[in-house]
Amino acid sequence: MQSILMQDFEELLHSELDLEPFRGKIFFVTGATGLVGSLVLRFLAYANEQLDLDLKLLALVRNKEKAQRLYAKYKTAPLKFVVTELGHSDLHLSEKVDYVIHAAAVTGSKQMIADPVGTIRTALWGTDEVLQEAVRNNAEAMVYLSSMEVYGQPVVTGQTTEKDLGYVDLTNIRSSYPEGKRMSELMCNSYAEQYGLRVMSARLAQVFGAGVLPGENRVFAQFARSAMNGENIVLHTTGQSEGNYVYATDAIKAILILLQKGETRQAYNVANEDSHMTIKAMAEMVMDNFGISGAQVVIDIPKENMGYAPDVKMWLSSQKLQQLGWRPTVNLKDSYARLIQWLQEKK
Ligand SMILES: NC(=O)c1ccc[n+]([C@@H]2O[C@H](COP(=O)([O-])OP(=O)(O)OC[C@H]3O[C@@H](n4cnc5c(N)ncnc54)[C@H](O)[C@@H]3O)[C@@H](O)[C@H]2O)c1
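Calculation rules
Residues numbered from 1 in each chain as written. Predicted model: local features only at pLDDT ≥ 70, side-chain atom pairs only at ≥ 80, totals over all residues. Helix = DSSP H or I, 4+ residues; strand = E, 2+ residues; numbered from the N terminus. Rg over C-alpha atoms; globule rule 2.2 N^0.38 Å. Buried ≥ 20, exposed ≤ 12 C-beta atoms within 10 Å, placed from the backbone. Contact = placed C-beta atoms within 7 Å. Axes fitted to C-alpha atoms, helices over the stretch in contact; angles between N-to-C directions. Parallel < 35°, antiparallel > 145°, perpendicular 65-115°, else oblique. Nonpolar A, V, L, I, M, F, W, Y, C, P; charged D, E, K, R; others polar. Pairing = 2+ DSSP bridges. Near = placed C-beta within 6 Å. Left-handed = near helix turned anticlockwise from the far one by under 90°. Core = buried A, V, L, I, M, F, W, Y, C linked by C-beta atoms within 7 Å. Arc of directions from axis to C-beta. Expected span 1.5 Å × (residues − 1).

1. Examining the overall build of the protein
A tally of regular secondary structure across the protein gives 11 helices and 12 strands. Expected size for 347 residues packed as a compact globule is a radius of gyration near 20 Å; at 19 Å, the protein falls within 12% of this value. Expressed as lengths along the three principal axes of its C-alpha atoms, the size of the protein is roughly 55 × 50 × 40 Å. Evaluated residue by residue, the protein yields a buried proportion of 44% over its 347 residues.

Printed below as a string of structure tokens:
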């Protein structure tokens, strides 16, 4: 039977995404050993093989051995690794690039509070390096992967649109992440204005699905594994924060559509509006649908600071992205079904 990830890729190939404009183009993707960057590259490698698109893929990685293991199945893909650590002005591409997807960032909550300076440097200096390369190459377009966390605490009734930025507490070092994203978006917009680069920001909701990497330990993976193993789902907060989610291949579709149709200097929420619920409600949904009877959702708040983002009441609107023709296809329950199928395949 075909793997769930290949089924997802096949669906994406036959979606509203038109891959023909990418024929013969060179992509440069940072964060290529991370969840989103690797999904973009794995999908482009798959699409290249299926549609004979004559793509070239440049993947920025810090650890070549890790990258070789991750892409072992894609040996025939036109994929090259650019090995460097962003933030040290070492990035010099020897090939011309047409499209840039900047996915590298510090994303772990614990690392954000253990190394807030490094989190900010990677965001600002890293994004600056990538933008310089995009300008030097006269790239056709770049998408910067931002986050719904830029909203901080929005003060809106109803859905949060791209204009509804809220409060971010600058005395909280965990804000190194959202404030780094805000400044990086502004840096992108400044390059657009000053150097004529076409660059858009994709404000991603939580992305997950088939294709998550070994060792993935974000909340969605913990919930899925607990349900699969017949264990309780343990919440480390009261679970009142409202989450916004988007299925992995729906997010990849959004990023590629933005490269083609996004308006420069604009930010776009990437969220499935139907995939919105509190963390606690999501845990209960996972337990009801995928857990064994007798297991339950329990709350156990650790004493140590886990670096979690502050609780937020937010329901993201994706109308702006939908106006470009993007449609999400996988709801939250099916996202878990596909994630669990993937984790079972990998057992
Ligand atoms: N996955 C999500 O749900 C989500 C949600 C909102 C925003 N985002 C954003 O999307 C992007 C990708 O997220 P992800 O989930 O794939 O993250 P990830 O943690 O899985 O991957 C991040 C990648 O960046 C690389 N990286 C970190 N620092 C680097 C540096 N200094 N130089 C070079 N590479 C470096 C890491 O090695 C890793 O490969 C990030 O910018 C993240 O903030 C992701």
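Moving on from the model shown.
2. Some remarks on the environment of K253
By secondary structure assignment, the location of K253 is in helix α8 (residues 248–261). Placed 210 residues apart in sequence, K253 and F43 show a C-alpha to C-alpha distance of 9.8 Å. Setting aside residues up to four positions removed in sequence, K253 forms contacts with L12, S15, L17 and W326.

3. Examining the packing of helix α1 (residues 4–13) against helix α11 (residues 332–345)
Where α1 contacts α11, the axes come no closer than 9 Å and their chain directions differ by 135°. For the element pair α1 / α11, the angle class is oblique. Listed contacts from α11 to I4, L5 and D8 of α1 are R338, Q341, W342 and E345. When grouped by side-chain class, the residues that make up the contact of α1 with α11 number 3 nonpolar, 1 polar and 3 charged.

4. Looking at the pairing of strand β5 (residues 141–147)
With 6 of 7 residues buried, β5 lies mostly within the body of the structure. Examined bridge by bridge, strand β4 (residues 99–102) and β5 share 4 bridges and lie parallel to one another. Pairing of I101 across the sheet is with V143, part of β5. Bridge count between β5 and strand β6 (residues 199–204): 6 bridges; the pairing is parallel.

5. Focus: the site of the ligand
Neighbouring the ligand are 22 residues; G31, G34, L86, A105 and S147 lie closest to it. Contributions of two or more residues to the shell around the ligand are made by α2 (35–51), α5 (116–136), β5 and β7 (206–208). If you tally residues by element for the shell around the ligand, the top one is α2, at 3 residues. Of the residues assigned to the shell around the ligand, the class counts are 10 nonpolar, 10 polar and 2 charged.

6. Section: the packing of α5 against helix α6 (residues 176–195)
The relative placement of two packed helices comes down to the angle between their axes together with the axis-to-axis distance. Packing of α5 against α6 leaves a shortest axis separation of 9 Å and a crossing angle of 20°. Between α5 and α6, the interaxial angle falls into the category roughly parallel. When you trace α5 past α6, the crossing you get is right-handed. Together, P116, T119, I120, A123, L124, T127, D128, L131 and V135 of α5 and S176, Y177, G180, K181, M183, S184, M187, C188, Y191 and Y195 of α6 make up the contact between the two elements.

7. A short note on the sheet that holds strand β11 (residues 276–278)
Strand order in this open sheet of 3 strands is β7-β9-β11, and the pairing throughout is mixed. Edge positions in the open sheet fall to β7 and β11, since each of these has one partner strand only. Looking at each pair of strands side by side, their axes are set apart by 40° on average, direction ignored. Summarising the sheet, β7 and strand β9 (residues 242–247) pair through 3 bridges and their orientation is parallel. Residue pairing across strands places V207 opposite V246, the latter belonging to β9. Across the sheet, α8 touches β7 and β9, and the angle it forms with β9 is around 75°.

8. Considerations on the environment of S201
As for its placement among the helices and strands, S201 is situated in strand β6. The exposure class assigned to S201 is buried, which follows from the 28 C-beta atoms found within 10 Å. Sequence-wise, S201 and N189 are 12 residues apart; in three dimensions their C-alpha atoms are separated by 8.9 Å. Residues within four places of S201 in sequence aside, it is in contact with Y144, S146, E185, C188 and A267.

9. Remarks on the nonpolar core
Nonpolar side chains tend to gather and get buried jointly when the protein is soluble and globular. The biggest cluster of nonpolar side chains holds 102 residues, and the ones touching the most others in it are A59 and I255. If one sorts the elements of this core by residue count, α8 sits on top with 9 residues. Other than its neighbours up to four places away in sequence, I255 contacts V40, I101, V143 and A202.

10. Description of the sheet that holds β4
Read from one edge of the open sheet, 7 strands run β3-β2-β1-β4-β5-β6-β10, paired in parallel fashion. Each edge of the open sheet is held by one strand with a lone partner, namely β3 (79–83) and β10 (267–270). When strand polarity is set aside, the average angle formed by the axes of neighbouring strands in this sheet is 20°. Where α5 meets the sheet, its contacts fall on β4 and β5, and the angle it forms with β4 comes to roughly 175°.

11. Concerning α1
Turning to α1, its buried residues number three or more, namely I4, L5, D8, F9 and L12. All buried residues of α1 project into a common sector of 140° when viewed along the axis, lining one side. On its buried side, α1 packs onto α2, α8 and α11.

12. Quick word on helix α9 (residues 279–290)
End to end, α9 covers 16 Å across 12 residues, agreeing with the expected 16 Å (1.5 Å per residue, within 8%). Packing partners of the buried residues in α9 comprise α7 (219–228), β8 (233–235), β9, β11, β12 (297–299) and α11.

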